[in-house]
Amino acid sequence: MLSGDAPARAFGFSLRRAGPGEAEIEMTVSQAGLNVFGTCHGGVLFTLADTAFSIACNSHGRQSVAQQCSITFVRPVRPGDRLIAHALERCRTSRTAIYDCTVANAADGRIVAEFRGHSRTIADTMPA
């Protein structure tokens, strides 16, 4: 999933681990990811969480996409901070699922954002 994802490559996301209904990815915040205030842009944090969510919801081998997502930004992130996004399946039916993703600073474990995503399965197999 990461190799075919242009934003993930651009921001330097790397996979830490993945399993059924779960994924953990990480990144280091670069200058390219900063907003006008010198902190990590919310769109970058959303993209990190959304990517972990995408890996988790597609981990069952069925093509799934985001149906609805929300994020709460808890504290600012500085350039050079290493972030870990951990997505975890909360519930799943035949076509929909809900995932929570916590984004934390790797240095101290403090939560910087909380994300919730609802997925929709659109095909029973992954594209070739």
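Here the structure is a predicted model, which is why all the values come from computation and not from measurement.

Caption draft 1: Structural detail: the state of the cysteines. Overall, the coordinates contain 0 disulfides when judged by the stated rule. Cysteine cysteine 40 is unpaired, with the sulfur of cysteine 101 as its nearest cysteine sulfur at 13 Å. You can call cysteine 40 buried: its relative accessible area is 6%. Here cysteine 69 is not disulfide-linked; the sulfur of cysteine 57 is the nearest cysteine sulfur, at 8.5 Å.

Caption draft 2: Expanded view of the sheet that holds strand β6 (residues 111–123). Across the sheet, 6 strands lie side by side as β1-β2-β4-β5-β6-β3; this open sheet has antiparallel pairing. On the outer flanks of this sheet lie β1 (14–19) and β3 (63–73), each paired with one strand and no other. Looking at each pair of strands side by side, their axes are set apart by 20° on average, direction ignored. Bridge analysis of strand β4 (residues 82–92) against strand β5 (residues 96–105) gives 9 bridges, and the strand direction is antiparallel. Looking at the pairing, glutamate 89 lines up with tyrosine 99 of β5. This element, helix α2 (residues 42–57), spans β1, β2 (22–28), β3, β4, β5 and β6 of the sheet and lies at about 150° to β2.

Reading guide: rules and limits
Residues numbered from 1 in each chain as written. Predicted model: local features only at pLDDT ≥ 70, side-chain atom pairs only at ≥ 80, totals over all residues. Heavy atoms only, no water. Disulfide = S-S within 2.5 Å. Buried < 20%, exposed > 50% of the residue type's maximum accessible area, 1.4 Å probe, protein only. Pairing = 2+ DSSP bridges. Helix = DSSP H or I, 4+ residues; strand = E, 2+ residues; numbered from the N terminus. Axes fitted to C-alpha atoms, helices over the stretch in contact; angles between N-to-C directions. Contact = heavy atoms within 4.5 Å.

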